[in-house]
Amino acid sequence: MNNRAISLPDLAAEKKRNTAASLSEGFAGSHHKGALATNVPWPGRPGLSRQAYDGSKEAWPNSLGRVLPLYYRCRQLILTTEKRGRRVPQKLHADARALEKVVAKEIRNIHPLLFQRMDDRQLDRFLRTMTFLRLSIGRWIFGSKVLKAEWPRTEQMRCFMLLTGRVNIYRDGNDVGECLELLPGSIFGEQPFRMGDEQINDAVGGAAHCEEPSIVGILTTDVLEAAFADRIYGNPRIAQKIRHSPALQRAVLPEPDPSKPKVELEHLSAQEKAEVFETISGAVRSGLDEMAKLVAVLHLMPGEPIFTTDSLDESVFYVEEGRVEVKADVTLIEKPESRTPKRTRIHIMLERAEKLAGNSIFDKLDPYVIVKLGEYKRFQTPVQWNMGVNPFFNYDGTLTFNGEEEVTFTVMDYDKFTADSLCGSCTIPVNTLTDGYNGKADLYRPKSSVNMISSTDSDLMEKAGKIFFSVKWDYEAFNPLIPPKTKTWPDQVLFNLFQDSIWGHERLMLQNVFMKALQGAASSTKYRLELSNFSIRAAELKGTDDRCVVMKIANNRFLDFVKKSQREKAFLQACRLQALDKQQIVKGLITDLLQRWSIEEQTEQLRRGILGDAPVEEAVDPNKFRSMYNGVKAHIRIRNGANLTSGGWFDKLDPYTIVRFRGSKEEVRTSVLADSGGDPIWDCEGSMTYHGEVALEISVWDFDRWNADNLLATGVVQVEQFCTGFDGMIPLSIAGNKRKRAKKQAMITIGILFDRPPEAILDQDAKENTWGRTN
């Protein structure tokens with residue numbers, strides 16, 4: 001005898017030899033002394049999703065752990081009493097039946113996938129027929145070289161289901177190497193466990209060892225045959241149910257006679273419908289009978305999803321009773337072509353100025369204009385030497401626009417030896433400068449002498465002339481660096497399937513066309529529709545807890561039926577029409593979701609208005625830019641330089657500029673401007689390939705015909721500045737000893753514009769934005 005505590009049913013079992021067929025301890029075993037288990041994860045069977053029914057201590061109901069040992073002992077008492085030839089007391093029968101009902105209710109939770117395929121009567125027969133093993137710690141269930149008793153050989157399928165306790169299963173039959181820990185609800189064994197077309201093993205191995213006192217049930221072919229004994233009579237009923245589905249009429253009923261009026265089945269009585277369905281061909285009847293043999297009948301509680309080892313796309317579902325909801329995550333993604341064109345660059349053509357202040361008899365004005373957008377962006381025109389108070393500039397400048405509110409025009413008088421003098425300035429709101437604007441603005445400057453009693457700003461300034469200019473805007477409808485506007489509504493009800501409805505046949509027959517038809521529901525909106533994470537679950541009806549009954553048909557079985565019916569083309573056309581009907585349902589859902597989204601945005605804007613929060617525009621990620629624009633052409637425009645250090649009184653500068661990305665060998669080089677001095681105007685364009693560099697380097701040189709060229713100044717544009725395009729002035733650092741002599745900041749005006757990335761990169765980035773963002 002063992003050292004464990006002995007109870008009445010155990011004493012009866014110990015009189016026999018401890019064999020694998022015993023209802024008590026199973027069979028003789030020993031403590032495992034093999035290799036320790038490693039931390040390497042156990043590879044699951046392909047296509048198996050353990051999340052739906054994986055056992056765990058948290059999910060294991062305590063009530064099952066309390067009632068299952070009582071039920072086990074009660075069964076043992078009944079078995080022992082019957083073997084002794086005595087009458088089983090009626091009270092013991094009643095107790096066993098009551099405990100059986102409790103076990104049947106609680107056992108559904110430990111493996112929903114298996115027990116979802118049984119109704120209450122089938123589960124009762126399953127429990128009564130299944131053999132239970134009560135095993136102590138250290139016992140071997142099967143396998144192991146130290147096992148003294150083996151399971152008898154049989155042609156039947158034999159697996160095990162862990163009901164309570166904890167078991168380790170080993171790959172190797174000699175109990176060495178890696179192992180997987182199994183918790184209550186797991187099905188395991190030496191061979192796969194199948195129910196019809198489904199394989200629902202949690203683990204297959206060569207040896208299994210109890211790590212805790214456990215109760216294990218034995219699943220065999222005899223147990224399943226006893227549980228599903230009613231399918232002998234149920235299969236014809238299943239075939240009869242399926243053939244009455246309105247969705248299958250084109251595959252089941254013969255082609256109607258065109259000379260007779262069309263018959264609508266929903267308007268017929270039950271007797272008339274029966275007469276119509278009696279006309280189906282023998283091939284259709286045979287196909288339905290063959291398909292019904294391997295149909296899995298699922299019994300769902302309200303709100304319970306359908307559990308399956310494979311994808312829902314691998315099966316067709318027929319609703320026999322109740323109402324079922326098809327749910328999915330609905331994502332709306334803004335179409336690039338539907339975006340409102342955004343201002344990206346402003347072109348300002350400075351034509352002329354008139355009646356500038358600051359002129360004198362002995363020194364005419366040398367004016368130039370500085371145009372400043374916001375705090376940092378600006379460009380400068382070349383100096384117009386000795387032009388006086390009515391200069392002509394005829395300079396076209398460009399600046400990158402990022403929502404700045406004001407643009408400032410400042411006219412200066414150049415002075416070589418002292419600081420430049422202010423001729424006049426003005427500030428204009430950007431929102432008043434429309435595309436194609438052509439006009440003038442008044443210039444003002446501070447008065448030279450101010451009346452101290454004056455208290456108004458207008459008395460402190462005086463008119464200083466006018467400046468004439470025109471404006472043109474560049475618009476960009478699609479910026480690949482800015483993710484599209486996206487919103488996801490998880491777990492939305494797409495369709496309600498009532499009795500005799502079918503789901504999955506349109507997708508099976510139409511393939512990708514069906515999903516495209518559903519996504520086409522958003523074609524009239526400015527959004528693109530994405531449907532993902534489909535699920536099918538029983539509807540929760542108020543005031544009732546009745547189960548829904550759904551039949552699960554494998555795709556290959558359903559296709560065989562359609563082919564045998566010889567009505568494949570007619571059924572395919574019916575699927576197209578049903579797909580269009582479902583598209584209209586999805587279109588109504590999208591309309592409701594867009595309305596809800598609009599209300600949410602209006603509420604958010606109202607909140608920002610009350611709290612004073614300004615909307616924050618999403619910044620461009622430089623790393624994303626470097627990856628997306630790798631290999632794209634960059635177009636560089638070098639406009640002009642300003643305040644370059646002059647070569648001398650008798651030798652003016654002959655400047656040229658070299659622009660290249662840091663570390664790249666490609667470059668854009670301007671022409672040499674002979675004797676142009678410190679304010680050259682190159683207006684040169686070129687292009688080179690961008691390979692993800694982090695900076696654009698600029699160098700200005702003085703050409704020397706007889707000696708080496710002299711470096712005048714250098715500048716750098718970082719990737720954060722040009723990732724959205726760049727137009728403006730860059731400050732230059734004077735090279736060498738000339739830095740000490742520089743009295744004014746040297747500047748260069750350039751523009752950078754990139755081609756659009758390839759469509760393949762844009763499509764990949766759009767998918768990443770869609771899948772990665774959560775709303």
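Residues numbered from 1 in each chain as written. Predicted model: local features only at pLDDT ≥ 70, side-chain atom pairs only at ≥ 80, totals over all residues. Heavy atoms only, no water.

> Just to check I follow, could you spell out the overall build of the protein chain for this structure?
In terms of helices and strands, the protein chain carries 18 helices and 35 strands. Pairs at least 24 residues apart make up 76% of the contacts formed inside the protein chain by residues separated by at least 6 positions. Just so you have it, the protein chain exposes about 40400 Å², and 51% of that area is on carbon and sulfur atoms. (Helix = DSSP H or I, 4+ residues; strand = E, 2+ residues; numbered from the N terminus. Contact = heavy atoms within 4.5 Å. Areas by Shrake-Rupley, 256 points an atom, 1.4 Å probe, with all protein chains shown as cover.)

> It is not clear to me how the nonpolar core should be interpreted in this structure. Could you clarify?
Inside soluble globular proteins, nonpolar side chains tend to come together where they are buried. Judged by nonpolar contacts, the single largest core of 62 residues is most densely connected at Ile 242 and Phe 558. For this core, the leading source of residues is helix α14 (residues 568-611), giving 8 residues. If we skip the residues at most four places from it in the chain, Phe 558 touches Leu 248, Met 291, Val 316, His 505, Leu 508, Ile 553 and Phe 571. In terms of nonpolar packing, the next biggest core, distinct from the first, is built from 39 residues, Leu 64, Leu 114, Met 118 and Met 161 among them. (Core = buried A, V, L, I, M, F, W, Y, C linked by side-chain atoms within 4.5 Å. Buried < 20%, exposed > 50% of the residue type's maximum accessible area, 1.4 Å probe, protein only.)

> Looking at this model, I keep getting lost on the sheet that holds strand β24 (residues 502-503). Mind explaining?
Backbone-to-backbone hydrogen bonds join strands into a sheet, with any given pair of strands oriented parallel or antiparallel. In spatial order, the strands read β12-β26-β13-β24; together these 4 strands make up an open sheet with antiparallel pairing. Each edge of the open sheet carries a strand with a single partner, namely β12 (296-300) and β24. One ladder, built from 2 bridges, connects strand β13 (residues 315-321) with β24; its direction is antiparallel. Among the inter-strand pairings, Tyr 318 is bridged to a residue of β24, identified as Ile 502. (Pairing = 2+ DSSP bridges.)

> What is the right way to look at the packing of aromatic side chains in this model?
For any pair of aromatic rings, geometry is given as the distance between the ring centres together with the angle between the planes. Scanning the entire structure with this criterion turns up 28 aromatic pairs. Judged by centre distance (5.5 Å) and plane angle (15°), the ring pair of Phe 142 and Phe 160 falls under stacked. Here the residue Phe 142 occupies a position in strand β2 (residues 140-142), and Phe 160 occupies one in strand β3 (residues 158-164), the gap between them amounting to 18 residues. Here a set of aromatic residues connected by ring pairs shows up, and it is made of Phe 625, Tyr 629, Phe 661, Tyr 690, Phe 722 and Phe 754. (Phe/Tyr/Trp six-rings, centres within 6.5 Å; stacked < 30°, edge-to-face > 60°.)

> Explain the packing of helix α7 (residues 231-243) against helix α10 (residues 282-292) to me, please; I cannot follow it from the model alone.
For any two helices packed against each other, the geometry is given by the interaxial angle and the distance between the axes. The N-to-C vectors of α7 and α10 enclose an angle of 125°; their axes lie 8 Å apart at closest approach. Comparing the axis directions of α7 and α10 gives the class oblique. Relative to α10, the crossing made by α7 is right-handed. On the side of α7, the interface is formed by Arg 231, Asn 235, Ile 238, Ala 239, Ile 242 and Arg 243, while α10 contributes Arg 285, Leu 288, Asp 289, Met 291 and Ala 292. Per-class residue counts for the contact of α7 with α10 are 6 nonpolar, 1 polar and 4 charged. (Axes fitted to C-alpha atoms, helices over the stretch in contact; angles between N-to-C directions. Parallel < 35°, antiparallel > 145°, perpendicular 65-115°, else oblique. Left-handed = near helix turned anticlockwise from the far one by under 90°. Nonpolar A, V, L, I, M, F, W, Y, C, P; charged D, E, K, R; others polar.)

> What should I look at first to understand the pairing of strand β35 (residues 747-754) in this one?
Two faces make up the sheet, and in a regular strand the side chains alternate between them. Counting buried residues in β35 gives 7 out of 8 residues, a clear majority hidden from the surface. For strand β27 (residues 632-642) and β35, the ladder comprises 8 bridges, and the chain directions are antiparallel. Within β35, the position partnered with Ile 636 by the bridge is Ile 752. Pairing of strand β33 (residues 726-731) with β35, which is carried by 6 bridges, proceeds in the antiparallel orientation.

> Quick question: what am I supposed to make of the sheet that holds strand β25 (residues 527-538) here?
The strand order across the open sheet built from 3 strands is β23-β14-β25, with neighbouring strands paired in antiparallel fashion. Only two strands of the sheet have a single partner each, and these edge strands are β23 (486-497) and β25. Within this sheet the neighbouring strands show an average axis-to-axis angle of 25°, counted without direction. Direction of pairing for strand β14 (residues 324-334) relative to β25: antiparallel, over a ladder of 10 bridges. When the sheet's bridge partners are listed, Glu 334 is paired in β25 with Tyr 527. Running over the sheet, helix α12 (residues 512-519) touches β23 and β25 and is turned about 115° from β25.

> Help me out: how do you make sense of the environment of Gln 380 in this one?
With respect to the helices, strands and loops of the structure, Gln 380 is situated in strand β17 (residues 377-380). On the accessibility criterion, Gln 380 (4% relative accessible area) is buried. Along the chain, Gln 380 and Gly 641 lie 261 residues apart, while their C-alpha atoms are 8.7 Å from each other. The residues contacting Gln 380, other than those within four sequence positions of it, are Tyr 368, Val 369, Ile 370, Tyr 395, Asn 640, Ala 642, Met 729 and Thr 749.

> It is not clear to me how the side chain of Glu 506 should be interpreted in this structure. Could you clarify?
Mapped onto the elements of the fold, Glu 506 is located in helix α11 (residues 505-510). Owing to a relative accessible area of 0%, Glu 506 belongs among the buried residues under this scheme. Excluding residues within four positions of it along the chain, Glu 506 makes contact with Gln 511, Phe 514, Cys 575, Gln 578, Ala 579 and Lys 582.

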